[in-house]
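What follows is the residue order along each chain.
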Amino acid sequence: GSLQSDPFSKSKKVMIIGGDGYCGWATALHLSNKGYEVAIVDNLVRRLFDHQLGIDSLTPISSIQNRIQRWKSITGKNIQLYIGDICEFEFLAEAFKAFEPESVVHFGEQRSAPYSMIDRSRAVYTQHNNVIGTLNVLFAIKEFSPECHLVKLGTMGEYGTPNIDIEEGFITITHNGRTDTLPYPKQASSFYHLSKVHDSHNIAFTCKAWGIQATDLNQGVVYGVRTDETEMHEELYNRFDYDGVFGTALNRFCVQAAVGHPLTVYGKGGQTRGYLDIRDTVQCVELAIANPAKQGEFRVFNQFTEQFSVNDLAKLVTTVGKELGLDVQTMNVPNPRVEAEEHYYNAKHTKLIELGLQPHLLSDSLLDSLLNFAIKYKDRVDTTQIMPTVSWKKIGVKPQSVTS
Ligand code: NAD
Ligand code: USQ
């Protein structure tokens, strides 16, 4: 019929797991704005981590209920809300049966590498939460929505930093005269990053065994805070993490520059990663949904737009900070992680571009506005939360309370 020949109509109902978080909230609003019917599934555990660690978002964020109400009052659009833990299958099953998603975007994991390296219990929590949560999503799709396309947030960190080019998910190898295309080798370097590797294997297996259709988005480090939708109202503002556990490199450097804290380059600073603007996160997810994987296909996209070393980022923030009259210093912090500090890095990232991604590259003007944003909220910064406190080598079985 006519419905089937319109690929877009197949994917109008989108369940966003982790839709109260940094990437998920921006994506939920973006897709709602684009006419998708959106349901958020979240257990709000990210807000609990803030309370437990004594940290807070740079930006004040409203409750999920107020966020959704405000969105409705501004745009007239409804976002459905299911509060619960996807590790509890009964809850997830009810959410699937009630909403009947055509696409599921899965952001709902513990996503901090340092958090996963605090102590044994956080390492176990991270792998349990992430691996079992994803397994439950796979079972829910098989049982209740077998046609549903899974868009799963993975990480570029699954690949580590090999001394050869990084491909998008798969590499063709000739060995002893025979050739095959195989999953690209995984060398993750935290219990968090490893949880994503385990997820990828479970997803790939169920695509083969059950015919599930999935896209694994190996995302790089996200920076920025504003999207067209979140800036419509203060109650729609996104979270902005800057602390030593949840804050990520460029966002942290902008806050550090704003409050006059030296930029915290770990070790030699040659650590190179893929980065992208949060406005491109929402664009990439939309492209993945609108161009779904085929039944039984396990598809992998490398989701980033540019590569930078930590030293590159420090230099950029220093230059733009000076133009704003800030005195930006850099300090070399002994590296709390175990990772290569000088290495080759060249990762492919063409598949999303081929689908139509128009990247927002890191420019002076974006850095300028991000720095000004950090300056606007600098009175909310707790400078005792900036230095890293979690050591990859010192992790043990004793429960740690993270104190500054
Ligand atoms: P976030 O912590 O801000 O958001 C994650 C959300 O998932 C939170 O709202 C949390 O409450 C929810 N959640 C966690 N476990 C859950 C569970 N068991 N049941 C229900 N909800 C649960 O993280 P983020 O920065 O938005 O990242 C989202 C996804 O993107 C993660 O999977 C992360 O690994 C991936 N990613 C993030 C970045 C980045 O730089 N932020 C980069 C690459 C990949
Ligand atoms: N780094 C510093 N100084 C800092 C913070 C970080 O030098 O103050 C370095 C780290 O040592 C690392 C690099 O910057 O080499 C990136 O660290 P990060 O904390 O910005 O990012 P990471 O721990 O890799 O994790 C983040 C997200 C995670 C996502 C990942 C994408 O928290 O959810 O999976 O980025 S990627 O890095 O591509 O694996």
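Thresholds, definitions, all that
- Residues numbered from 1 in each chain as written.
- Chains lettered and ligands numbered in written order.
- Predicted model: local features only at pLDDT ≥ 70, side-chain atom pairs only at ≥ 80, totals over all residues.
- Heavy atoms only, no water.
- Salt bridge = Lys/Arg side-chain N within 4 Å of Asp/Glu carboxyl O.
- Helix = DSSP H or I, 4+ residues; strand = E, 2+ residues; numbered from the N terminus.
- Buried < 20%, exposed > 50% of the residue type's maximum accessible area, 1.4 Å probe, protein only.
- Near = heavy atom within 4 Å.
- Polar contact = N/O pair within 3.5 Å; in protein donor to acceptor, adjacent residues only side chain to side chain.
- Nonpolar A, V, L, I, M, F, W, Y, C, P; charged D, E, K, R; others polar.

Chemist: Residues and numbers for the pattern of salt bridges, please.
Modeler: Taken as a whole and assessed by the stated rule, the structure comprises 20 salt bridges. One salt bridge in this structure joins Glu 342 and Lys 268, with 3.6 Å as the shortest N-O distance. Pair noted here: Glu 342 is in the loop between strand E14 (330–333) and helix H12 (351–354) and Lys 268 is in the loop between strand E10 (263–266) and strand E11 (272–277), with a separation of 74 residues, a long-range link. Residue Glu 342 shares its accessibility class with Lys 268, and that shared class is exposed. Arg 273 serves as the salt-bridge partner of Glu 339, at 3.1 Å between the closest nitrogen and oxygen. Residue Glu 339 is found in the loop between E14 and H12, and its partner Arg 273 is found in strand E11; the two are separated by 66 residues along the sequence. You can call Arg 273 partly exposed: its relative accessible area is 25%. Ionic contacts of the salt-bridge type, sharing partners, join the residues Arg 46, Asp 50, Arg 111, Arg 239 and Asp 241 into one network.

Chemist: I'd like a rundown of the site of ligand 1, residues and numbers included.
Modeler: Around ligand 1, the surrounding shell holds 27 residues, and the nearest of these are Cys 23, Asp 42, Asn 129, Tyr 192 and Lys 196. Residue Gly 108 places a main-chain N or O atom 3.3 Å away from a nitrogen atom belonging to ligand 1. Gln 219 places a polar side-chain atom, nitrogen or oxygen, 3.4 Å from a nitrogen atom of ligand 1. Counting residues per element, the ones that place at least two in the shell around ligand 1 are helix H2 (22–33), helix H3 (45–53), strand E5 (149–155), helix H8 (191–210) and strand E9 (221–223). The class makeup of the residues in the shell around ligand 1 is ten nonpolar, nine polar and eight charged.

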